[in-house]
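# Geometric and topological summary
Each chain, written out:
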Amino acid sequence: AGQGYPARADPPPVEEDSDGEEEATDDIRGRRAQKREQQMAAALQRRQERENVQELVNGVKKAQRASKQEAKEADLTGPIPEGNTCGVCKEDFTSRSALFKHIKATGHAMLKPAPEEAKGRRKKR
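Computed from a predicted structure; not experimentally measured. Here, residues in each chain are numbered from 1, in the same order as that chain's written sequence. Restriction of local features to residues with pLDDT of at least 70 applies here, the model being predicted, together with a cutoff of 80 or more for giving and counting side-chain atom pairs; totals for whole chains, interfaces and linings are based on all residues. The side-chain quantities take in all heavy atoms of the structure and omit both hydrogens and water.

### Considering the overall build of the protein chain
Secondary structure counts use DSSP, requiring at least four H or I residues in a row for a helix and at least two E residues in a row for a strand, with both numbered from the N terminus. Looking only at helices and strands, the protein chain features two helices and zero strands. For the exposure calls, accessible area comes from a 1.4 Å probe over protein chains only, and a residue counts as buried if that area is under 20% of its type's maximum, exposed if over 50%, partly exposed in between. For the protein chain, the proportion of its 125 residues judged to be buried stands at 9%. By sequence separation, contacts in the protein chain at least 24 residues apart represent 31% of the contacts at least 6 residues apart. Residue exposure ignores everything except the shown protein chains as possible cover, and the areas themselves are Shrake-Rupley values with a 1.4 Å probe. Total accessible area computed for the protein chain in this model is approximately 12200 Å², and 51% of it derives from carbon and sulfur atoms. In what follows, a contact means two residues having at least one pair of non-hydrogen atoms within 4.5 Å.

Pasting the structure below:
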């Protein structure tokens, strides 16, 4: 060879270890199975959370339907209270805005009585 360089030696032959390959394959399979289990557990948790949320939503809807039914059964054509008082539950509010928010949230709306028309002939212009 050249000057100052040692002769190149071939690297020792690599003995193929079939047990090492099997261990690596088993390790990969194990990691895949573990990841799959984690994904399945996460999917199950998401499904349970969706079911819990759906149960809550159904409960709220049921309560809203019940309050609407109560409002229908109540005398909705009675006199409308003065001030900032709910006509259905008689709760007082500090402002009209708070009253309207309550009415919208609970469905406590009342019908206004129809204005009575004057009997007799109308005046001509």
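### Here we look at unusual backbone geometry
Non-glycine residue K90 carries a positive phi angle of around 65°. Tracing the chain through its elements places K90 in the loop between α1 (18–73) and α2 (96–106). A relative accessible area of 54% means that K90 is categorised as exposed.

### Quick look at the side chain of H108
Considering the arrangement of structural elements, one finds H108 in the segment after α2. Here a polar contact is taken to be a pair of N or O atoms separated by no more than 3.5 Å, where protein atoms must pair a possible hydrogen donor with a possible acceptor and residues adjacent in sequence count only if both atoms sit in side chains. Polar contacts involving the side chain of H108 include one to the side chain of T106, which spans 3.4 Å. Excluding residues within four positions of it along the chain, H108 makes contact with C86, V88, C89, H102 and I103.

### What to know about the side chain of H102
Examined against the element boundaries, H102 turns out to sit in helix α2. Accessibility expressed as a relative area gives 12% for H102, which makes it buried. Residues contacting H102, with those up to four places away along its chain left out, are C86, C89, E91, F93, G107 and H108.

### As for the environment of Q69
Its place among the elements puts Q69 in helix α1. The sequence separation of Q69 and G107 amounts to 38 residues, and the corresponding C-alpha distance is 9.6 Å.

### Structural notes on the state of the cysteines
We call a pair of cysteine sulfur atoms a disulfide whenever their separation is within 2.5 Å. The tally for this structure, following the rule as stated, stands at zero disulfides. Of all cysteine sulfurs in the structure, the one in C89 sits closest to C86, which takes part in no disulfide; the separation is 3.6 Å. Judged by relative accessible area, which is 1%, C86 ranks as buried. On the basis of relative accessibility, which here comes to 35%, the residue C89 falls in the partly exposed class.

These values are about where atoms sit, not about what they do.
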